[in-house]
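Residue-level structure breakdown
One-letter residues, chain by chain:
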Amino acid sequence: MAKTAEPKTTAAKTAGATKPARGTRTAAETEKIRVALIERRDELKGEHEQAMVEIRELQQHRLTDSAGDDQADTGTKTGEREQEITIANNLADRILQVERALERLDEGGYGWCEKCGNPIPVERLAAFPSATLCVTCKQLEERR
């Protein structure tokens, strides 16, 4: 005996196609995300402070130990200093990203793409908690 398929209603068809409502996160989930972001921000701030201390120490050492340097030594020291400053600047940028994620969490926009408004996959947020773009929008941005 063959089964007959039951017709799907229009409401049932569109229910699966709608975007999840913003703010569907529980207070416990929001607090868990907030704690993780704050821990990450504090970790990055510690790394940044350590990098700045190292830069200052190395700068003092370079000032006292530059007698007899030739052009190659000077170039090497300049390159090392630029690399250290770049690392410190990258850490500062990452701190700002996490702080922006905390702001978005407070505003209710955390986990939603800033460009298209679609939800950012949980896997992406787990790998990069301060993500502001979904995978598709990020790929399009990187192609430009």
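Residues numbered from 1 in each chain as written. Predicted model: local features only at pLDDT ≥ 70, side-chain atom pairs only at ≥ 80, totals over all residues. Heavy atoms only, no water.

This next bit is on the overall build of the protein chain. When its secondary structure is counted, the protein chain shows 5 helices and 0 strands. Within the protein chain, the proportion of its 144 residues that are buried is 21%. Counting contacts in the protein chain only where the partners sit at least 6 residues apart, residues at least 24 apart contribute 55% of the total. Carbon and sulfur atoms provide 53% of the accessible area of the protein chain, an area that totals close to 10,600 Å². (Helix = DSSP H or I, 4+ residues; strand = E, 2+ residues; numbered from the N terminus. Buried < 20%, exposed > 50% of the residue type's maximum accessible area, 1.4 Å probe, protein only. Contact = heavy atoms within 4.5 Å. Areas by Shrake-Rupley, 256 points an atom, 1.4 Å probe, with all protein chains shown as cover.)

As for its position among the elements, S130 is in the loop between α4 (122-127) and α5 (135-143). For S130, a relative accessible area of 10% translates into the label buried. Sequence-distant contacts of S130, defined by excluding residues within four places in its chain, comprise Q97, V98 and A101.

Turning our eyes to something else, we now look at the pattern of salt bridges. Per the counting criterion, the structure on display carries 10 salt bridges. R40 is paired through a salt bridge with E43; the nearest N and O atoms lie 2.6 Å apart. Of the two residues, R40 and E43 are both situated in helix α2 (residues 27-64); the distance of 3 residues between them amounts to about one turn of the helix. In this structure, the salt-bridge partner of K45 is E99, at a minimum N-O distance of 3.8 Å. Of this pair, K45 sits in helix α2 while E99 is found in helix α3 (residues 71-107), placing the two residues 54 residues apart along the sequence. (Salt bridge = Lys/Arg side-chain N within 4 Å of Asp/Glu carboxyl O.)

It is worth spelling out the confidence of the model for the protein chain at this point. Overall, the predicted model of the protein chain reaches an average pLDDT of 81, with 78% of residues at or above 70. When the elements of the protein chain are averaged for pLDDT, helix α1 (residues 10-15) gives the smallest value, 38, and α5 the largest, 93. Counting interchain partners and residues more than four positions distant, the pLDDT-below-50 stretch residues 1-20 has 5 contacts. (pLDDT = per-residue confidence, 0-100.)

Our focus in this paragraph is the nonpolar core. Core analysis: the largest hydrophobic core is formed by 19 residues, its most contacted members being L37, Y110 and C113. Elements with a minimum of two residues in this core: α2 and α3. Looking at this core element by element, the count peaks at 7 residues for α3. With residues up to four places along the chain from it excluded, the contact list for Y110 reads R25, I33, L37, A101, R104, L105, L125 and P129. (Core = buried A, V, L, I, M, F, W, Y, C linked by side-chain atoms within 4.5 Å.)

Between the first and last C-alpha of α3 there are 53 Å, a value that for 37 residues agrees with the 54 Å anticipated at 1.5 Å per step. Taken together, the buried positions of α3 are occupied by K77, E84, A88, L91, I95, V98, A101, L102, R104 and L105. Where α3 terminates, the next one or two residues include G108, which has phi positive at roughly 90°. (Expected span 1.5 Å × (residues − 1).)

A few words now on the environment of L96. By the secondary structure assignment, L96 is in helix α3. L96 sits 55 residues away from R41 along the chain, and the two C-alpha atoms are 8.5 Å apart.

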